[in-house]
Amino acid sequence: MVSPARDNSLLYLTSPFRFTRHATLVQDGRRIPGDELLARASQLAARLKVAGASRVAVVTDRADTLAIVLIACQSSGLDLLVLRDMPSDAGALWGVCGVDATIGEELNVSPVPAAKVALPDASVLLTTSGTTGTPKVVRHSLHRLLGRVRLPKDGALPCRWLLTFHPGSFAGIQVLLTAILSGSELFAFSEPSATKLAEAAARYEVTHISGTPTFWRAFRIALGENAGEVPLQQITLGGEVADQPTLDMLAASFHGARISHIYATTEAGALFAVTDGRAGFPARWLECGVEGVRLRISDGVLEVLSPRSMEGYV
């Protein structure tokens, strides 16, 4: 639930995190200030209340739509199922997941018949990538999703983020939340390509980018001789194995940028980051752990125990 705000620049939630009005989202070239995001989220929250919704679903590839829906659901204490594509049998999925309303791209609310189920407060439901079979739906709390998010210190200059992941993916929603919670600018595209993202990075002087190693290799080629025009301060790799040639290429191309590669999965959450410029992670972490995560190798498989893991499957 929303508690009274004593500072008009913030929307306070029942969590240690705050959505700030100072954030700006640039979707497909259209600039959307934080005030507009919060106003539209408030209007959506009112429509969801009228509909009597408790668990809602949204299918979108737009970061602005997802940001508005996420803020509305978190401020209203509602569960949100985030989908990247419309399922072939949506009705069956709504029934299995207990979805009782869907939200369209125009932020219209459409109630659907569903059996009422006992729900936790304001969870975010995400689908896995499906690399090991049929994608599963996992439940995260906002607190666990943001367990590794480092917000800027007071007085720090605003960041300019470029979204390279699908906003509805685990990595994408982390970038989206980081930007809107830290009062940063986020540049997003409904149909991104390496060329389009490279042009945007140079035009908007982007400072922070998170992407897969595959993205970074294509991005560097697309930049060509314009790499020096991108004032990158933070380079993050995730989603795939970060190999040494890619790490070396980024260090040589973007002098002064901090380079991190993150170990994370949708189920286990964001585990830890490596910043020493070397592929892999220090072997000593298998003994002592890192950032609250315990690690071990069993039958050739890396097993993890994380305080930021999912709360369960749906």
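Residue positions are given per chain, counted from 1 along the sequence in the order it is written. Only residues with pLDDT of at least 70 get local features here, since the model is predicted, and only at 80 or more are side-chain atom pairs given and counted; chain-wide, interface and lining totals rely on the full set of residues. Hydrogens are left out, water is left out, and the side-chain values use all remaining heavy atoms of the structure.

### Looking at the environment of threonine 127
Defined as follows: Comment: elements are numbered from the N terminus, with helices defined as DSSP H or I runs of at least four residues and strands as E runs of at least two. Exposure classes here rest on a 1.4 Å probe applied to the protein chains alone. A residue is buried below 20% of its type maximum, exposed above 50%, and partly exposed in between. Note on definitions: a residue-residue contact is assigned when non-hydrogen atoms from the two residues lie within 4.5 Å.
Within the secondary structure, threonine 127 is located in strand β9 (residues 124-127). By relative accessible area, threonine 127 is classed as buried at 13%. Taking C-alpha positions, threonine 127 is 8.3 Å from arginine 84, a pair spaced 43 residues apart along the chain. For threonine 127, the contacting residues outside a window of four places in its chain are Val82, Leu83, Arg84, Lys136, Val137 and Thr266.

### Considering the confidence of the model for the chain
The criterion, for reference: The pLDDT score gives, residue by residue, the confidence of the prediction method on a 0 to 100 scale.
Averaged over every residue, the pLDDT of the chain is 89; residues scoring 70 or more account for 90%. Low confidence marks residues 1-17, where pLDDT is under 50. Its contacts with residues over four positions away, or in another chain, come to 35 contacts.

### Overview of helix α8 (residues 244-253)
To keep it simple, the criterion reads: To obtain the arc, one takes the directions from the helix axis to the C-beta atoms.
Of all the positions in α8, only Thr246, Leu247, Leu250 and Ser253 are classed as buried. For α8, the angular spread of buried residues about the axis comes to 135 degrees, placing them on one side. The exposed residues of α8 that point more than 90 degrees off its buried face are Pro245 and Ala252.

### Points about helix α1 (residues 34-51)
Note the following rule: Helix span, expected: 1.5 Å multiplied by one less than the number of residues in the helix.
Across its 18 residues, α1 extends 26 Å between first and last C-alpha, which sits within 8% of the 26 Å expected from 1.5 Å per residue. All buried positions along α1 are accounted for by Gly34, Leu37, Leu38, Ala41, Leu44, Ala45 and Leu48. End-on view of α1: buried residues confined to an arc of 125 degrees, all on one side of the axis.

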